[in-house]
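# Coordinates in review
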Amino acid sequence: MRRKTKAMSSTTHNTHAAHHEAEGEHHYQPQVLTMPHAQVTQDILRASSTMGRTYKLALALFGGLFIAGFAVFIVRARDGFDTFTSWAYLMATFGFIFTTAMSAPIFSVTQRMVRSHWRRPMGRSAEVLSVAGIVGALMFIPLVLLLPNADNRKTIWMTFPGAPHVYELAALIGIVALGLAILYVSAIPDLAAIRDHGTGWRKSLARRLASSFRGTPREWKGIKAMLMVLGVLYFLFLIGVHTMIASDFALSLVPGWKDAIFPAWHAISGLQSAVACTILVTFLLYKFGGYKDYISVDQFWGASKIMLALSLLWMYFWLSGFMIFWYGRQPVELAVIKLFFAESYRFPWAMAVCLNFAVPFLLLIWNAARKSMIAPTIVSCSILLGTFFDRIRIYVGSFTVADVRADALHELHAGPLLENPPPHLPGTADVFMILGGLGGALFIIMLAIKFFPPISIWEVTEGMLYRRKRRFLKREIMVMGKPD
Amino acid sequence: MQDRVVLGKTPQEVDSRINRELLTNVLYTERRYWMIVGFLALVVALAGGAIGYMINQGIGVTGLHRPVFWGFMITNFVFWVGISHAGVMLSAILRLAQAEWRRPATRAAEIVTVFALMTAILFPILHSGRPWRTMYWAFPYDFARGIFPNVRSPLVWDPTAITTYLTSSIMFVVVALIPDFAVMRDRTKGVAKAIYRVLAMGWRGTPRQWRLQIVAGFLLSALILPVFVSVHSIVSWDFGVAQSVEAWHSTVFAPYFVIGAVHSGVSAVVTVMIILRWLFHWENYITKDTIDSLGRLLIVVATAWFFFFVIEILFSIYTLEDAELALRRMQLWESPYSWLFLTFILTGYFIPVPLWLFKNVRRSFKWMLITTILVNIGMWIERFLIIVPGLARKQGLSFSWSTYHPSIIEVLMVIGSFAFVSMNILLISKVVPLIPLYDVKEGEILKDEFKIGKATIPATMREE
Amino acid sequence: MAKKQVLGVFKTADNAVMAVDRLNEAGFTNKDWTVLTGSPYPEGAFGEWMPKHRLYAFPFFGAIVGFTVAILVTAGTSVANPLVTGGKPIIAVPAMAVIVYEGTMLGAILMTIIGVIFESRLPRPLMGLYDERITEGYVGIDLNCPEDRINAAEMVMRQSGAVDVKHQK
């Protein structure tokens, strides 16, 4: 049987998710927005165009760090790109930015595909993070030049001409372009809102970027179709790029390291960090961005379930690889275990296990933690820190192998005990390059958020059409429309 | 365009109709049902005869010989473990994701899981030749001789995992059946009523009981999911940890096997549901929307499986080792493996997935039946191609290389396993409803709609 | 005064809600009555009292038991028959972890099943008042009522549209 739903009488105020204690009820009430569309537009545009003093200071700090890091890079570049160890920490920083911010649009893409409603206030912030790809690309170009060609060593490119440099550059340009394309296409309707209601440089820039958008059904259909196609392409491309980067910048630099799961594990790590990044940004927008009316615990609850699943997958993928190596006990496999887990880089590995698996698992298995804002945010910070340590482990570990063209890792280490070398610790220049890379990424993201509204106006107002509350017997319950 | 079926105007009409239509196959039997069960029983009997002959005469009646000691029976074991993953995928994951379209599919998927797993577990036991003499390697009972299972062996991890998964799946199904047993209790008479009264355990339908059913559904789903991932990972490690066979010692085997299992399992459930829809007239419950949603899920799963397949091949030839390359050349270019490979890759991915991209195909029962059967043909061959070619080239010295020719005994056992699972599903459909009654009724209660302008939007009430 | 059960059977959920409202006005509380339905309604739809359950404790306990048993079996049998296989230690943690993990999950799942049945207060051989129409979509209101108020309760239910009212004998 079907009941026709009458919408609840709308108020001008948002009803936040709350516990209702009347008559002994304590049913969780998901957020249902009821304010007019115009108010949504006004609120979000106002919050995204104001830049307080703290924001400007942060911009200045990150910009300064980027310039300092860039200067150190220039100084070091004068010595050439022949020594891997000099650039190990730059690669780790790039790996971190690629795994986190540059992979973040996958969150928006996948949640749009499954048509979840709770993702609506989060999707744009995930897409905006893709602008970090511009800084990532700047870091990547010298790193690609550093890579040796595929002669006399094992790579996924076998004997393809131009490998790996051409393909790596093409892959990175592709993923950055796709990420920016998704950001632009998804922002067109909001850029039209800025064109119509914004002021100053934002208005004139938006006029250029969204000049002809009027909101006809054909235009909406086109945008959604384009987002679906770009989303699928981005998803497939991202997994491919993770595979390539993990193979070329880690696997193939360690002689004899044959590990089919490693690229897939790297991709899962990317997905986990992407979700973590998005949650953290959403929390910051809620706390400091002036978007309290649009962000509720629903977003954290939905995303934390995904984060828990990805944390479990992170551990599962690692274990799948480790079990084969531990069981096989071939000399090169044991050497890899010693290098990356048991000896040289055991400290960052221990940090990664704790921060990427133990903390998320132990916190997020509790429903009360998942249904809060603070616990998923703490877990996100934990995951991001763990990923940072993990990228140091993988890329510094790979970049500091003595001879990439040797037959097998274990043959590189002299002496009867076959000891692995000690870890390569960062010097002052390395620290500056790390901070510069991170600073640059944060700088460009913070700038982008002040143009592209970090909460998608059109997706939030679309969600308002499909979510409403109604009375069912003695209970107020949410009704979710499923148009297709 | 959604395909919502209106089952009635009042709650009684709806519930009555659901009870009537979904219990018809339990309470009444058509002649074609008995014909089908009879035919399947005949095939099972033939397979049983073949097994008896093999036990009596020894493993020599099969095609197994040095160095190919694992053939059809182990391929079939891996295949059926794979099929068993559908239940958890559809039931647990979709329940946790609160996907409404899962409702008619969950119990059939869980039943397929239980019988697939029971069938799977038979094969390593039969494969040992004299099963009554091999139990000591799986269960720690032989205190007299101090011979205990080698816990460092994946062959011991296997029975642990499969027993856990089988026990959990059975319990999951049984607990979820309690409310439906109550419906059976209320609609039957005589001995049947007495039996269902015992099975229903005094269920009355209080809010507490319903709440616990729902909470248990979520909790068990969350607990069974890790078990489901672990089972096929452990089965994959039967091969992955071995160093002596080319193409086996790969770190990607665990997720590769799991995603392959999901691919074949979900396809199998679609096949079963379409057949049962025809047999039991479930047109109002297994709708085009259901198979459309399953088809979309299959596209994602199949593509993920294909990614792992490419990674597995790529990294197997990554180190350009002669033995590995020779094996891959044999798989791709030498008959009969080349034909099998071509069949597998076409039927497993390149025919079904492009077809599934078309909405008309996803919403066609005929085409979904054909494509999902093709997938399982492909996935069975895939397991064969993982196991046998590597073993045929196992030894370093080419004089001990060999080929494998399955005997009629093994072929009968494989065919018999399909008949066994199908027969059991049909037999259990006489005892329990294969579409969960309360789940469908709950879906009807939660159905809603509202208007946006001139458009009527189908909607669902969501508690949280 | 002894309490007896009264069961009202209603054709629609709205009538059942009307009945519970009137029962509450007549001095009963939601701890005196419960609702019987053939399928799950959204929680709180009838204003029913929902006592807390302790289901979540069961898998926890089961996991601990399963974990302990699995550790004892795997470590015990390894030490009882200390054969070095494949160069691995006698107490091989990664290998044992697989079986311990399965044991933990099995313990958790089995105890969850027991917990569901126990917390649902099943098995219940003496079902109490019940009507088979409940599984046909009717809604039952099962009231625990002092003997001297049974007639009043019955009248309230009938006035609210009950198709049948049964008394405990």
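It should be noted that the structure appears before, not after, this text.
Structural notes, computed from the coordinates. These numbers were taken from a predicted model, which means no experiment stands behind them.

Now for the environment of F140 of chain A. Residue and element names in this part refer to chain A. Inspection of the secondary structure assignment puts F140 in helix 6 (residues 132-146). Along the backbone, F140 and E168 are 28 residues apart, and their C-alpha atoms lie at a distance of 9.2 Å. Discounting chain neighbours no more than four positions away, the residues touching F140 are F94, E168, L169, L172, I245 and F249.

With that settled, the discussion passes to the sheet that holds strand 2 (residues 455-462) of chain B. Taken in spatial order, the four strands line up as 1(A)-2(A)-2(B)-1(B) in an open sheet, and their pairing is antiparallel. Only two strands of the sheet have a single partner each, and these edge strands are strand 1 (467-472) of chain A together with strand 1 (447-452) of chain B. Averaged over all pairs of adjacent strands, the angle between their axes in this sheet comes to 40°, without regard to strand direction. Of the pairings in the sheet, the one linking strand 1 of chain B to strand 2 of chain B comprises six bridges and is antiparallel in character. Following the sheet pairing, K447 of chain B is matched in strand 2 of chain B by T460 of chain B. Each of strand 1 of chain A together with strand 1 and strand 2 of chain B touches helix 17 (residues 437-446) of chain B; the most contacted strand, strand 1 of chain B, lies at about 25° to it.

Residue and element names in this part refer to chain A. Computed from the structure, the second largest pocket encloses a volume of approximately 880 Å³. If you trace the second largest pocket, you find 29 residues lining it, with L280, V281, L284, L442 and M446 closest to the centre. Of all the elements in the fold, those that place two or more residues in the lining of the second largest pocket are helix 2 (53-77), helix 3 (84-99), helix 10 (261-288), helix 15 (374-399) and helix 16 (428-449).

All names here are of chain B. With 12 residues, helix 11 (residues 322-333) should reach 16 Å at 1.5 Å per residue; the first-to-last C-alpha distance of 16 Å fits that figure. Among the residues of helix 11, those classed as buried are E324, L325, L327, R328, M330 and Q331. Along its buried surface, helix 11 packs onto helix 10 (288-317), helix 12 (337-350) and helix 15 (365-392).

Time to look at the nonpolar core. Nonpolar side chains tend toward joint burial in soluble globular proteins. If you look at the biggest cluster of nonpolar residues, it comprises 329 residues, and the most contacted ones within it are F94 and F249 of chain A. Filtering out sequence-adjacent residues up to four positions away, F94 of chain A remains in contact with M102, G136, M139, F140, L143, L172 and I245 of chain A. Core analysis: the second largest hydrophobic core is formed by 35 residues, L23, C145, V156 and A162 of chain C among them.

Residue and element names in this part refer to chain A. A full pass over the atoms with the stated rule returns 73 aromatic pairs over all chains. With 6.4 Å between their ring centres and 50° between their planes, F73 and F81 make a pair best called tilted. The exposure class assigned to F81 is partly exposed, which follows from its relative accessible area of 23%. A ring pair is formed by W318 and F341, whose centres lie 5.7 Å apart and whose planes are at 70°; its orientation type is edge-to-face. One end of the pair, W318, is in helix 11 (residues 297-328); the other, F341, is in helix 12 (residues 331-342), with 23 residues separating them in the sequence. Classification of F341 as buried rests on a relative accessible area of 17%.

Calculation rules
- Residues numbered from 1 in each chain as written.
- Chains lettered and ligands numbered in written order.
- Predicted model: local features only at pLDDT ≥ 70, side-chain atom pairs only at ≥ 80, totals over all residues.
- Heavy atoms only, no water.
- Helix = DSSP H or I, 4+ residues; strand = E, 2+ residues; numbered from the N terminus.
- Contact = heavy atoms within 4.5 Å.
- Pairing = 2+ DSSP bridges.
- Axes fitted to C-alpha atoms, helices over the stretch in contact; angles between N-to-C directions.
- 1 Å grid on protein atoms, 1.4 Å probe; cavity = no way out; pocket = protein on both sides within 12 Å on 5 of 7 lines; lining within 4 Å.
- Points joined across faces, edges and corners; volume = space filled by probe spheres on them.
- Expected span 1.5 Å × (residues − 1).
- Buried < 20%, exposed > 50% of the residue type's maximum accessible area, 1.4 Å probe, protein only.
- Core = buried A, V, L, I, M, F, W, Y, C linked by side-chain atoms within 4.5 Å.
- Phe/Tyr/Trp six-rings, centres within 6.5 Å; stacked < 30°, edge-to-face > 60°.

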